[in-house]
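Spelled out, the chains give:
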Amino acid sequence: ANLNRQRIISVVGTRRCTEYGRDLCRTFLRDLSTLDSDILVVSGLAYGIDAQAHEQALQNHMDTVGVLAHGLDRIYPQSNRGLASRMVECGALLTEYFSGTDPDAYNFVQRNRIVAGISDCCIVVESQEKGGSLITADLAQGYHRDVFAFPGRTIDRASQGCNNLIANHVAVLISGAEDFMEQMRWTVSRPKVIIKEIDGIKCEPIEKLVV
């Protein structure tokens, strides 16, 4: 993947995601791909929302990068090995750790700064009151990146973190892909229209140039 892409987003969230969170990922990235398929999707290749973000990016023909908390000699969790193999074909696996480095808990916190820093913005899909995705959001804000969050019901534990980010003005509430594109002031990419010259047109050279 081209890490100098014009538009790069990080999509993060809880490992214990609900069907609501998975559906948000599916809908958001599907709709986003129709607006601009050249956006690069970054996440941490963990359980839950991370894996869902990578999976949906691939399904919608968007490049995706997984930032690892260990060396490239392994994939953690092992259940994501198949996903990681497909990501190498349509994206990348990125790490700052040497081969042989174990996926220790502290490494996950450390790698979050790369997830936040490599992206233009951070989108928290679903998060409990505490979690790694909230650390990523705080880091992104510290790097002067835009932070967004999807709201959830006040009684849902899996949405408490997102609701708190919005309430504390750390994140901007978004409801979908179009809303997000407007908030980022990103214009929608349109296919280039190739205008073919029509034979037999009688006009001056300057008029032909205009045509």
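Residues numbered from 1 in each chain as written. Predicted model: local features only at pLDDT ≥ 70, side-chain atom pairs only at ≥ 80, totals over all residues. Heavy atoms only, no water.

Asker: Whenever I open this one, the sheet that holds strand 6 (residues 146-149) confuses me. Can you help?
Answerer: Two orientations exist for strands paired in a sheet by backbone hydrogen bonds: parallel and antiparallel. The strand order 4-3-2-1-5-6-7 describes an open sheet built from seven strands, whose pairing is parallel. Looking at the sheet topology across the chains shown, the edges are occupied by strand 4 (91-94) and strand 7 (172-173). In terms of strand pairing, strand 2 (residues 40-43) meets strand 3 (residues 64-67) through three bridges, oriented parallel. Residue V42 lies in a different strand from strand 3, and its bridge partner there is V65. Sitting on the sheet, helix 2 (residues 49-59) touches strand 1 (8-12), strand 2 and strand 3, and the angle it makes with strand 2 is about 160 degrees. (Pairing = 2+ DSSP bridges. Helix = DSSP H or I, 4+ residues; strand = E, 2+ residues; numbered from the N terminus. Contact = heavy atoms within 4.5 Å. Axes fitted to C-alpha atoms, helices over the stretch in contact; angles between N-to-C directions.)

Asker: Looking at this structure, I do not really get unusual backbone geometry. What am I missing?
Answerer: Note: most peptide bonds trans; most residues except glycine with negative phi. With an omega dihedral of 0 degrees, the bond running from Y76 to P77 counts as a cis peptide bond. The residue P77 is located in the loop between strand 3 and helix 3 (81-89) in this model. Despite not being glycine, H144 has its phi angle at roughly 60 degrees, a positive value. Mapped onto the fold, H144 is located in the loop between helix 5 (132-142) and strand 6. Phi at H169 takes a positive value of approximately 60 degrees, unusual for a residue other than glycine. Within the element layout of this structure, H169 appears in the loop between helix 6 (160-167) and strand 7.

Asker: Explain the packing of helix 2 against helix 3 here, please?
Answerer: Two quantities define a packed helix pair, namely the angle between the axes and the distance from one axis to the other. Helix 3 packs onto helix 2 with a crossing angle of 45 degrees between their chain directions and a minimal axis gap of 11 Å. Between helix 2 and helix 3, the crossing angle belongs to the class labelled oblique. As helix 2 runs across helix 3, the sense of the crossing is left-handed. In this structure, helix 2 contributes A51, H54, E55 and L58 to the contact, and helix 3 contributes L83, R86 and M87. (Parallel < 35°, antiparallel > 145°, perpendicular 65-115°, else oblique. Left-handed = near helix turned anticlockwise from the far one by under 90°.)

Asker: Honestly, the pairing of strand 1 in this entry has me stumped. Any pointers?
Answerer: The side chains of a regular strand alternate, first on one face of the sheet and then on the other. Counted residue by residue, strand 1 has five buried out of five residues, so it is predominantly covered. Burial along strand 1 is two-sided: the face carrying I8, S10 and V12 and the face carrying I9 and V11 are both buried. Here strand 1 pairs with strand 2 via three bridges, running parallel. In the sheet register, I8 faces strand 2, and the bridge partner there is L40. In the classification by handedness, the crossover that spans strand 1, the intervening helix 1 (residues 19-35) and the parallel strand 2 is right-handed. Here strand 1 runs beside strand 5 (residues 121-124); their pairing, made up of four bridges, is parallel. Of the residues in strand 5, the one forming a bridge with S10 is C122. (Buried < 20%, exposed > 50% of the residue type's maximum accessible area, 1.4 Å probe, protein only. Right-handed = clockwise from strand over helix to strand, strands pointing away.)

Asker: I tried to follow the nonpolar core on my own but got confused; where do I start?
Answerer: As a rule of thumb, nonpolar side chains are buried together in soluble globular proteins. If you look at the biggest cluster of nonpolar residues, it comprises 26 residues, and the most contacted ones within it are I9, F28, L32, I123 and F180. The set of elements that each furnish at least two residues to this core consists of strand 1, helix 1, helix 2, strand 5 and helix 7 (177-184). Setting aside anything within four residues of it in sequence, one finds F180 in contact with I9, F28, L32, C121, I123, F148, I174 and W186. (Core = buried A, V, L, I, M, F, W, Y, C linked by side-chain atoms within 4.5 Å.)

Asker: Please clarify how the packing of aromatic side chains should be interpreted in this entry.
Answerer: What characterises a pair of aromatic rings is the spacing of the ring centres plus the angle enclosed by the ring planes. All told, the structure shown has five aromatic pairs when counted by the stated rule. Among the aromatic side chains, those forming a connected cluster through ring pairs are F28, F148, F150, F180 and W186. The ring of F108 has R15 sitting right over it, with the charged end atom 4.9 Å from the ring centre. (Phe/Tyr/Trp six-rings, centres within 6.5 Å; stacked < 30°, edge-to-face > 60°. Lys NZ or Arg CZ within 6 Å of the ring centre and 35° of its normal.)

Asker: I'm lost on the state of the cysteines in this one. Help?
Answerer: When the sulfur atoms of two cysteines share a covalent bond, that bond is a disulfide. By the definition in use, this model includes zero disulfides. For C25, which is in no disulfide, the shortest distance to another cysteine sulfur is to C17 and amounts to 7.7 Å. No disulfide involves C122; its nearest neighbouring cysteine sulfur is the one of C121, lying 7.7 Å away. Relative accessible area serves as the criterion here: at 0%, C122 is assigned to the buried category. (Disulfide = S-S within 2.5 Å.)

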